[in-house]
Amino acid sequence: MPTVSIPKGYESLLNLNQTERAIKLTKEFFEQELSHSLNLQKVSAPLIVRQGNGINDNLNGVERIISFDAIDISDGQLEIVQSLAKWKRMALDRYQYRAGEGLYTNMNALRRDEIQDNLHSIYVDQWDWEKVILPEQRDLHTLKSAALQIFQAIKATEKFLVQAFPGLEPVLPETLYFITSQELEVLYPELSPKERENSIARRYGAVFIMQIGGELLSGKKHDGRAPDYDDWNLNGDIILWYPVLEQAFEVSSMGIRVDKQRLAEQLQLSGEEDRQSLEFHQLILQDKLPLSIGGGIGQSRLCMFLLKKAHIGEVQASVWNEQILQECRDGNIKLL
């Protein structure tokens, strides 16, 4: 079975040199928009964390984290981060940010169990951001406002790139459509979650699907979420319709983070109560970390979408299996 979807007659609108220049411009412009819109300061972030303290993101709980030992560190294993969802919240406290202030960083990660295709790579790069909020801001209004600000930053970046590279054309709609995963299931009960995303994204162009992680009325989940960072009632994904591949295209996952009550509830629902003893979880349960909202925005994903590329390997240098390499050669896809 083919691994890569090849658009008929595909040809990149930008050559390799133009692509590299456009990637740089995209990242620089979007960072400025993101920082300004959400009042975020850029900080440094780790690629490696210690094993066993609960700081590394365990994603859906089944992915194998890359771990190793180091010759000069004798007190435990080290891990490559999978994301910085938990580290960022601890950083808010360390940097002493106040309500309405936050941070963002360049997150680089390796996910060894990622199934490679047009959108997925072993190498993951994204803007991770986190912002302090007040207790009364733990609501859908705060979540929607942040999602809309991120979408407007993406639209501004699209407009900027169209001016810099006239061969590109804007495709984003004027605004972001909001819907919960339960409303989506009611709307398309006969479809799978991914098929629902395709249908709603094709219909509206840009959607924010909210409340992901818990069971729907059908007894199934729209998608998996770790129980210990997002509040499943107050999170969501920004999904865009991507004409190049004719499919839904996720660019961001975000959410209001768990407080001590939601952390305990979600650990119980997922059967992971034993995680309560870990350092990160104890800090939440003892009210020692600020309440926050945060998320990740794929850097290569955003570049791929805005530069209208068919494969994520056209905007990032990674490692691919031989089948993917051959399919890309046959499909006129020039990987970096």
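Anyway, here's the lowdown on the structure attached to this text. A quick note: this is a predicted structure, and the numbers were derived from the prediction, not measured. (Residues numbered from 1 in each chain as written. Predicted model: local features only at pLDDT ≥ 70, side-chain atom pairs only at ≥ 80, totals over all residues. Heavy atoms only, no water.)

**Overview of the packing of aromatic side chains**
For clarity, the threshold we go by: The pairing test for Phe, Tyr and Trp rings, Trp by its six-membered ring, is centres within 6.5 Å, and the orientation test on the planes gives stacked under 30 degrees, edge-to-face over 60, and tilted for anything in between. What counts as a helix is a DSSP run of H or I of at least four residues, what counts as a strand is a run of E of at least two, and both are numbered from the N terminus. For every residue, the accessible area obtained with a 1.4 Å probe (protein chains only) is divided by the maximum for its type, and the residue is called buried under 20%, exposed over 50%, and partly exposed between those limits. Charges are assigned to positions over rings by a cutoff of 6 Å between ring centre and Lys NZ or Arg CZ, combined with an angular limit of 35 degrees from the ring normal.
One pass over the full model with this rule turns up eight aromatic pairs. Seen from their ring centres, F30 and W127 are 4.8 Å apart, and the 45° between their planes marks the pair as tilted. Of this pair, F30 sits in helix α1 (residues 16-38) while W127 sits in strand β6 (residues 123-132); the two residues are 97 residues apart in sequence, bridging distant segments of the chain. W127 shares its class with F30; the two are buried. Residues F178 and F208 carry aromatic rings whose centres are separated by 5.9 Å and whose planes lie at 80° to one another, so their mutual orientation is edge-to-face. Note that F178 is positioned in strand β7 (residues 177-180) and F208 in strand β8 (residues 206-210), a separation of 30 residues in sequence. Between the NZ or CZ atom of K144 and the centre of the ring of F178, over which it lies, the distance is 5.5 Å. Positioned above the aromatic ring of F249 is the side chain of R301, whose terminal nitrogen or guanidinium carbon lies 5.7 Å from the ring centre.

**As for the pairing of β6**
To be explicit about the condition: The pairing criterion for strands is at least two bridges between them, as found by DSSP.
By the criterion of burial, β6 is predominantly enclosed, with nine of the ten residues buried. For strand β5 (residues 102-110) and β6, the ladder comprises nine bridges, and the chain directions are antiparallel. Opposite A109, over in β6, you have V124 as the bridge partner. Relative to strand β11 (residues 292-298), β6 runs antiparallel, the two being bridged by seven bridges.

**Section: the pattern of salt bridges**
Quick note on the threshold: A carboxyl oxygen of Asp or Glu within 4 Å of a side-chain nitrogen of Lys or Arg is what we treat as a salt bridge.
In this structure the tally under the stated criterion is 23 salt bridges. Here D75 makes a salt bridge to R50, at a shortest N to O gap of 2.9 Å. Pair noted here: D75 is in strand β4 (residues 73-80) and R50 is in strand β2 (residues 48-50), with a separation of 25 residues, a long-range link. Exposure remark for D75: the relative accessible area of 56% places this residue in the exposed category. Given the relative accessible area of 38%, R50 is considered partly exposed. Among the salt bridges present, the one from K88 reaches D128, with a minimum N-O distance of 3.1 Å. Residue K88 is found in helix α2 (residues 85-95), and its partner D128 is found in strand β6; the two are separated by 40 residues along the sequence. One exposure class covers both K88 and D128, and it is buried.

**Notes on the environment of P173**
Here is the rule: Only heavy atoms enter the contact rule, under which two residues are in contact if any of them lie within 4.5 Å.
When you line up the elements, P173 lands in the loop between α3 (140-164) and β7. Distance in space between the C-alpha atoms of P173 and G205 is 5.9 Å, their sequence separation being 32 residues. Excluding its chain neighbours within four sequence positions, the residues that come into contact with P173 are F151, K155, Y204, G205 and A206.

**Observations concerning the side chain of R138**
Here is the rule: Any pair of N or O atoms that falls within 3.5 Å is considered a polar contact. Within protein, one atom must be able to donate a hydrogen and the other to accept it, and sequence-neighbouring residues count only if both atoms are side-chain atoms.
The topology assignment puts R138 in the loop between β6 and α3. With relative accessibility at 18%, the residue R138 sits in the buried group. Reaching out from R138, the side chain makes a polar contact with the side chain of D231 at a distance of 3.0 Å. Dropping the residues within four chain positions of it, R138 is found in contact with I133, D231, L234, I256, R257, V258, D259, R262 and L291.

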